[in-house]
Amino acid sequence: MIVVLIALCFTDGALSQIRYSVPEEAEHGTLVGNIAEDLGLDLTKLASRRFQVVPSSRTPYLEVNLENGVLFVNEKIDREQICKQSASCQLNMEVFLENPLELFRVEIEVVDINDNPPSFPETDITVEISESATPGTRFPLESAFDPDVGSNALRTYDITTNNYFYLDVQTQTDGNKFAELVLEKPLDREQQAAHRYVLTAVDGGQPPRTGTALLVVKVLDSNDNVPVFEQPVYTVSLSENVPVGTLVIQLNATDLDEGLNGEIVYSFSNHISSRVKELFGIDPRTGRIEVRGEVDFEESSLYQIFVQAKDLGPNAVPAHCKVLVKVADVNDNAPEITFSTVTESVSEKAAPGTVIALLSVTDRDAEENGQIHVEILGDVPFKLKSSFRNYFTIVTDGLLNREQADSYSVTVVARDKGTPSLASSKSIRVQVSDENDNAPTFTQSVYDVYVTENNVPGAYIHAVTALDPDVGQNALITYSILECDIQGMSVKTYVSINEETGYLYALRSFDYEQLKDFTFMVRAKDSGDPELSSNATVKVIIVDQNDNAPLVLAPLGKNGTAKEPLPRSAEPGYLVTRVVAMDADDGENARLSYSIQRGNDNGMFRMDWRTGELRTARRVSAKRDPHQQYDLVIEVRDHGQPPLSSSASILVMLVDSMAEGRGVGDKVGTSKAKDGALDLTLILIIALGSVSFIFLLVMIVLAVRCQKDKKLNIYTCLTSECCLGCSSCCSRQGRSRKKKLSKADIMLVQSTVNVSGPGTAQVPVEESGSFGSHHQNQNYCYQVCLTPESAKTDLMFLKPCSPSRSTDTDHNPCGAIGSGYTDQQPDIISNGSILSNETKHQRTELSYLVERPRRVNSSAFQEADLVSSKDSGHGDSEQGDSDHDATNRGHSSGPQRLFVLVVRAFGEEFLWWLEP
């Protein structure tokens, strides 16, 4: 019969225990029990939860059907072979399920059956008894052995019924039975020298089984005294693992007889176990008991040694004593660590408390030597959790980060509390699986990429790099360009990127003059789930090349040759003209130098290589300069590598007076007008005339309004504060001195102003030359009010602004516009904002100033008179002419307001002086 006993014990809800019993000698296939049903498990989920037996707990005698949980006998069980004489015999087995982890301990008790009869070591047992033995004398008999235990073990002894002896059955401390033959009636050797009886050993089984032996009692001649021990029972303590030869106890028995009858011999009693004889030995003469084998506390903690002492006299009667050897435990066993299950890898996003491994720890020692402390060695994100008795689980103790550590070596150390303490350790390797928890990161947040213009389309320009600390697909980075527009076109028409390497390529040839720089975003995206990405900014800076030759803007002339008059009375340093050129390049590639390439063989002219001003180097001499004109070729060269150059042809004609010079200019203008008429349609001519007429009316109205104003105020459409400052400074000059401004004080200004609607631009003009040491420099504030149709026409009103040369900012409310004359280039305001130095440099190159020297000597004023006679409407300069008065009053200090109208349209310049 199979008896099933279930006892469930829960520890943290993770482990249970169940117990079965099975009789020994059960046949193969005998059902022990159904573990799954008895534990209340769902049979349909056993396979999915990987129901299995812990390998270290497997036994060949039992087997578990992992599909239905049935526990059955696999091999025939012999209890006596497995458990020897142990009172309790059980087999242990651990089973567990995963998802979640559940551990069950199964204990199978092997029930003893009465399958072995008692047996004596020998079939004939001989006992010698002196005839002088008194009734009540006891004679121990050799014990029978029954391998069964419990109720099936040896229960009692029987002897054939007789008149001399009876049996006294006694029980040892370990439960074994032994019989002593008790003399009930004195023996008489002469009557019967030997007695034979049947000695029977009976066990307690149902039915009982027996074993017999022939007991022969020999009656000996009497020996009056028997040896005597000092005490019947001796107790000795002995440490385990003591070396062979160690003294256990020294016995001493005495016999009052003399001679051979008093000489004692020691020996072990017949009924001690064979294991005791293997471990201990006794000296027959001295009674010294020594260790012969390895004494192990874990095998047995107590040994009983039965010793007898018998003299050498005839009919010797032995004396008996018992020696109890208590084995003291020594800490000679280190703890044993056994891993039942181990998880090879764990995700880095696993929650704290995730089970990594299941292990058990045992120590065969006892008490403190068997008490174990278990810990995890080192600083690792794992901890131990006690599950059941000596079972532990390794769980995560916090969040994992594969980027910091992709694997951990977890070492479990078990240490007992013995002296000295013993320890053992085992290590497992836990791999941390990657999760996509890191976005790619660029090595730079902003990349500055310098690309020389005129590059080859498709050329490599730079490489962006992003790093991802993840691995595998999570670290596989692809690069892309974020869509945006550059000058109205997609950025992907400008550059491309290799999505695998991050290499950037130019898709077109860049032109610095059209595009100086542009910015776009690149994205790095990994291939994880979910995908993570990051962006970086790429700024492409186009580097200028010297690929543009200088372009001459002025002076302009017919068929590429400009004609300029030169009075024969001109002094050295007379400004003939100013060559204005521009270069579309930048930096050194746009810095220009001017020089006379041809036509100046006699050194008549000199060229300022910085400003492009063409001046006379000496006076005009009739002898040295018999020619009426000079054909000069001016070269404009930039400073690029290699340098590029352009040339301008200027025909300088000698004239006797400025009136003749203007006649030449009129002829040139007439010729130009005729040529222009051939090129322009009638509609353009009408439009030009209309616009010019409207602008002239506007200028006259403004001039009349300014005449009525006692204070010299400058009105501006953009910067009211600056013009208020100009008004104050001009009014101060008006109160200081009175001076009529002559035409020699006027400079012709040509400027380019692009206007998209009605507005006002202020342009300060730097003047060169001076009246003399007693004259003060004049600066002019300009007010230009333009209409939408005046994109190619400039209207400028010039007024004296301030005679002061003060550089103090407190007296300079106009800033760079109304400041005293200095060597520093004035600020230029365009569309209401002050231009940068670089822009001022370009604007200065795009405009030119035709200046007339103002000299104190007569030749300078004669030149002014010639111009004045034509412009004022008088044939010759007279004393009452305003121009002449300006000359005569050159030393006068009072300023006079004068308005100059400059009109430039379609390459033609028109100049009017307006006096109040």
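Residues numbered from 1 in each chain as written. Predicted model: local features only at pLDDT ≥ 70, side-chain atom pairs only at ≥ 80, totals over all residues. Heavy atoms only, no water.

Draft legend 1. Representation of the environment of L215 in the model. Mapped onto the fold, L215 is located in strand β15 (residues 210-220). You can call L215 buried: its relative accessible area is 0%. Through-space distance from the C-alpha of L215 to that of V127 is 7.4 Å; in sequence the pair is 88 residues apart. Other than its neighbours up to four places away in sequence, L215 contacts I125, V127, L141, I159, L181, H195, R196, Y197 and L199. (Helix = DSSP H or I, 4+ residues; strand = E, 2+ residues; numbered from the N terminus. Buried < 20%, exposed > 50% of the residue type's maximum accessible area, 1.4 Å probe, protein only. Contact = heavy atoms within 4.5 Å.)

Draft legend 2. Spotlight on the packing of aromatic side chains. Within the structure shown, the criterion is met by 15 aromatic pairs. Judged by centre distance (5.7 Å) and plane angle (70°), the ring pair of F280 and Y303 falls under edge-to-face. With F280 in strand β21 (residues 280-282) and Y303 in strand β23 (residues 302-311), this residue pair connects regions lying 23 residues apart in the sequence. One exposure class covers both F280 and Y303, and it is buried. For the pair F382 and Y408, a centre-to-centre distance of 5.5 Å together with 80° between the ring planes defines the contact as edge-to-face. In this pair, F382 sits in strand β29 (residues 382-388) while Y408 sits in strand β31 (residues 407-416), placing the two residues 26 residues apart along the sequence. The class of Y408 is buried, set by a relative accessible area of 15%. (Phe/Tyr/Trp six-rings, centres within 6.5 Å; stacked < 30°, edge-to-face > 60°.)

Draft legend 3. Structural context of the environment of G640. With respect to the helices and strands, the residue G640 is situated in the loop between β51 (629-638) and β52 (645-655). Residues G640 and N548, spaced 92 residues apart in sequence, show a C-alpha to C-alpha distance of 9.6 Å. The residues touching G640, leaving out its near neighbours within four places in the chain, are N546, E588 and N589.

Draft legend 4. How the structure looks around the side chain of H195. Position of H195 relative to the elements: it lies in strand β14 (residues 194-203). When its relative accessible area of 3% is taken as the criterion, H195 is described as buried. Looking at H195, its side chain comes within polar contact range of the side chain of Q192, at 3.1 Å. Within the structure, H195 has its side chain in polar contact with the side chain of Y197 (distance 3.4 Å). In this structure H195 touches Y164, L187, L215, V216, V217 and V219, once residues within four positions along its chain are discounted. (Polar contact = N/O pair within 3.5 Å; in protein donor to acceptor, adjacent residues only side chain to side chain.)

Draft legend 5. Representation of the nonpolar core. Counting 31 residues, the largest nonpolar core has F229, L251, F280, I289, V307 and V323 as the members making the most contacts within it. For this core, the secondary structure elements donating two or more residues are β17 (233-239), β18 (247-250), β20 (264-268), α3 (274-279), β21, β22 (288-291), β23 and β24 (319-328). In this view, F280 contacts L238, V248, F268, I289, E290, V291, R292, V295, Y303, I305 and V325; residues no more than four positions away in its chain are not counted. (Core = buried A, V, L, I, M, F, W, Y, C linked by side-chain atoms within 4.5 Å.)

That is the geometry; function is a separate question.
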